[in-house]
Amino acid sequence: HQHWMTGVYRSALEQPNPQTWKQMESLVREGRVVELRRRLCSRMTFGTAGLRAEMGAGFACINDLTVIQSTQGMYKYLAKYVPDLKTRGLVVGFDTRNFCGISVESFFHLFAFQPYAVMKYGAAAGVMITASHNRKEDNGYKVYWHNGAQISSPHDKEILRCIEESSEPWPESWNEDLVESSLLRRDPLEDVSRWYMEELNTICFHRELNAMSPLKFVHSSFHGVGHNYVQRAFQQFGFPPPIPVPEQKDPDPDFSTVRCPNPEEGESVLELSLRLAEREEARIVVATDPDADRLAVAEQNDNCGWKVFTGNELAALLGWWMLFNWKEAHPDPADTERVYMLATTVSSKILKAFARIEGFHFEETLPGFKWIGNRIHELKKTGKEVIFSFEESIGFLCGNMVLDKDGVSTAAVVAEMAAYLHTKNLSLKQQLINIYEIYGYHISRTCYVICNDPPTIHKIFSRLRNFGGPGVYPESCGDYCITHIRDVTTGYDSSQPDKKCVLPLSRNSQMVTFTFQNGIVATLRTSGTEPKIKCYTEFCAAPGERDISSLEEDLRKVTAALVEEFLEPDKNNLLRRSV
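Fair warning: this is a prediction, and the values are worked out from it, not measured in the lab. (Residues numbered from 1 in each chain as written. Predicted model: local features only at pLDDT ≥ 70, side-chain atom pairs only at ≥ 80, totals over all residues. Heavy atoms only, no water.)

A. Region of interest: the overall build of the protein. Counting its secondary structure elements, the protein contains 20 helices and 23 strands. Referenced to the eigenvectors of the C-alpha coordinate spread, the extents of the protein come out at roughly 70 × 60 × 50 Å. Restricting the contact set of the protein to residue pairs at least 6 apart, pairs at least 24 apart contribute 67%. Accessible area for the protein stands at about 24500 Å²; split by element, carbon and sulfur atoms hold 51% of it. (Helix = DSSP H or I, 4+ residues; strand = E, 2+ residues; numbered from the N terminus. Contact = heavy atoms within 4.5 Å. Areas by Shrake-Rupley, 256 points an atom, 1.4 Å probe, with all protein chains shown as cover.)

B. Helix α17 (residues 428–439), seen in detail. The end-to-end C-alpha distance of α17 is 16 Å, a good match for the 16 Å that twelve residues give at a rise of 1.5 Å each. By the burial criterion, the buried members of α17 are L428, Q431, L432, I435, Y436 and Y439. Looking straight down α17, one finds its buried side chains confined to an arc of 145°; they lie on one side. Elements that come into contact with the buried residues of α17 comprise β9 (284–288), β10 (295–300), α13 (311–329), α14 (350–358), α16 (407–423) and β16 (442–450). At the C-terminal side of α17, G440 shows a positive phi close to 100°. (Expected span 1.5 Å × (residues − 1). Buried < 20%, exposed > 50% of the residue type's maximum accessible area, 1.4 Å probe, protein only. Arc of directions from axis to C-beta.)

C. Examining the pairing of strand β7 (residues 217–220) more closely. On β7, burial covers both faces: F217 and H219 on one face and V218 and S220 on the other are all buried. Pairing of β7 with β9 involves four bridges; the strand directions are parallel. If you follow H219 over to β9, its bridge partner there is V286. Pairing between β7 and strand β8 (residues 243–244): two bridges, direction parallel. (Pairing = 2+ DSSP bridges.)

D. Spatial organisation of the state of the cysteines. Under the counting rule described, the total for this entry stands at zero disulfides. C447 takes part in no disulfide bond, and the closest cysteine sulfur, belonging to C535, lies 4.2 Å away. Residue C477 stays outside any disulfide, its sulfur separated by 8.7 Å from that of C535, the closest cysteine. Note on C477: relative accessible area 1%, which makes it buried. (Disulfide = S-S within 2.5 Å.)

E. Expanded view of the packing of aromatic side chains. Going through the model one piece at a time under the given rule, you end up with 17 aromatic pairs. An angle of 75° between the planes, with centres 5.6 Å apart, marks the rings of F217 and F239 as edge-to-face. Of this pair, F217 sits in strand β7 while F239 sits in the loop between α11 (227–236) and β8, and the two are 22 residues apart along the sequence. The pair formed by F217 and F239 is uniform in burial state, with each residue classed as buried. Ring geometry for F324 and Y420: centres 5.4 Å apart, planes at 50°, overall tilted. With F324 in helix α13 and Y420 in helix α16, this residue pair connects regions lying 96 residues apart in the sequence. According to the relative accessible area criterion, F324 is partly exposed, its value standing at 22%. (Phe/Tyr/Trp six-rings, centres within 6.5 Å; stacked < 30°, edge-to-face > 60°.)

F. Spatial organisation of the environment of M197. When you line up the elements, M197 lands in helix α9 (residues 189–199). In this structure, M197 is in contact with Y229, R232, A233 and Q236, ignoring residues within four places of it in sequence.

G. View of the sheet that holds β7. Taken together, five strands build an open sheet; the order of strands is β8-β7-β9-β10-β11 and the sheet is mixed. Sheet topology places β8 and β11 (306–308) at the edges, where each strand pairs with a single neighbour. Looking at chain direction, β10 and β11 are connected through three bridges and run antiparallel. The partner of A298 across the bridge, within β11, is V308. In this fold α11 packs onto β7, β8 and β9, with an angle of close to 155° to the strand it touches most, β7. (Axes fitted to C-alpha atoms, helices over the stretch in contact; angles between N-to-C directions.)

H. Representation of the UniProt feature "domain: Alpha-D-phosphohexomutase alpha/beta/alpha" (unreviewed entry) in the protein. In this numbering, the UniProt entry assigns the feature "domain: Alpha-D-phosphohexomutase alpha/beta/alpha" (unreviewed entry) to residues 44–168, 196–300 and 311–430. The span residues 311–430 shows a helical share of 51% and a strand share of 18%, and its end C-alpha atoms are spaced 17 Å apart. (UniProt positions renumbered as here; feature names shortened; annotations may be inferred.)

I. Layout of the sheet that holds strand β15 (residues 395–398). The strand order across the open sheet formed by four strands is β13-β12-β14-β15, and the pairing between neighbours is mixed. Since the sheet does not close on itself, it has two edges, and those belong to β13 (361–365) and β15, each with one partner. The sheet shows a mean angle of 15° between the axes of neighbouring strands, direction not considered. Bridge count for strand β12 (residues 339–344) against strand β14 (residues 385–391) is five bridges, and the pairing is parallel. The partner of L342 across the bridge, within β14, is S389.

J. Representation of unusual backbone geometry in the model. The residue after S153, namely P154, is reached through a cis peptide bond having omega 10°. Checked against the element boundaries, P154 lands in the loop between β6 (138–145) and α7 (155–165). Notably, I394 is not glycine yet its phi reads approximately 45°, a positive angle. Its identity as a non-glycine residue notwithstanding, N573 has a phi of 55°, on the positive side. Mapping N573 onto the fold places it in the loop between α20 (569–572) and β23 (575–578). You can call N573 exposed: its relative accessible area is 68%.

K. Structural detail: the pattern of salt bridges. Inspection of the entire model under this criterion finds 29 salt bridges. For E364, the salt bridge identified is with K349, shortest N-O distance 2.5 Å. Residue E364 is located in strand β13, and its partner K349 is located in the loop between β12 and α14; the two are separated by 15 residues in the primary sequence. Taking the shortest distance from any N to any O, the salt bridge between R576 and E564 comes out at 3.0 Å. Of this pair, R576 sits in strand β23 while E564 is found in helix α19 (residues 548–567), placing the two residues twelve residues apart along the sequence. (Salt bridge = Lys/Arg side-chain N within 4 Å of Asp/Glu carboxyl O.)

L. Focus on the pairing of β13. As defined by bridge partners, β12 adjoins β13 across five bridges and the pair is classed as parallel. Paired with T344 across the two strands is T365, which belongs to β13. The parallel pair β12 and β13 is bridged by α14, and the resulting crossover is right-handed. (Right-handed = clockwise from strand over helix to strand, strands pointing away.)

Now the structure itself:
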């Protein structure tokens, strides 16, 4: 059995990378058949953020071979469906990660394509080598279509099929010198960066006020690529550059000062930023993740420590801010008819409350910004304007100049919003309370469990779907009655007359939403980027309802019951985490 597996891998991996081969030899020598099967008998699939996995040997991992196979498969697909591929080219980007001690730039050299910016150069597609906020051992392969949004169905499935049909490396695929000698290669970074900074003007509304603001800001790039771009974005908005966290401003693939490079983890990973802000008397901290698409924000409260905003709270502030400035520029109420805001279905319903009172349109999408990006593209084609979009995992897009979440532009927008509120003697936290007073308190909680065993995940969700017998979902959780259930994985929705989901099916992931009689909405879903089962709960109060303590207590009890009764962490050996 071991001999067969080694032969399978050797036949596909006659390659100049001794490190991955040493990994396989070690696994064979130690007789780790289960691990060999995991690595060799399955292939990565497109999740909410493209292909993402640990770096190492095997078809289920990110390595030289699987990057080559993915690129060959993508080229095969593009050559079939994009007639002018050779003149349009491809955009290739990468961040700061390593692979087995080798800079990720070595991956870049495996792409003999023209790295033009997808939207600005009208490229056929784009590839980004990144694992975003994942641990340092991971990497990924994110694919963008020519509309500038991440690929979704059917492109993802068709590209995977082409990858499987192109598993044997082409003769020149290992030639790293090919990209250096190609006459088609260009580096558009300087031009694209300049154009991007100029387009920030479309979401900057108070430049003169910004230039006079006494507020000071601290920025951490979490050892990623965001430092220079956030500095430039602040200057484009009229601010001086934010104060950088010196230990974290330069790229470092080991993320040496944080236990994990995810600013969503809150105060524990923002320690260096917060202490620097205290020394510098800076009131606000902004932190971007390694590829600068996520943004965390913290505000210093007078003598009360720091308030680290959740993604949902920050979305309430940003949604209010973008609508406020839209209305200032468009006083005719009729103009609001073409305004949209978008959010993923596991995110707060606060934008829905805005829309209900203010008269614009709100839509939900499946989790993952690829769904938001593609929906923005469709709406723009019909003359609609999407002024704000978000996902609760601190992913935001102000305006629509790009079709993905963007931590760089959002950092500058947050600074401008804070500067404006400061002139009204308001903090971000105070304005958040004002928003809840007008539109209703939206109290949410997010937690997750870690599960590295896919069969266990399948067993957990299968149990939910057969809780009271075959095909019978739970009718209660703890002391709380469940009134509706939506299962996007199977397409079931008990609230619809035909019992079918309005949202598209998502068969490659698990996601079940429960609506409780007391108004709480809760969702259990598997992460598309990490070995997690996430639990999202929210209580949406009516405007004027102010008994927040009782709302929070109910939410805490429902959240705890969901985790303990439906996920059974002790029985299933799951690690609990809260956000």
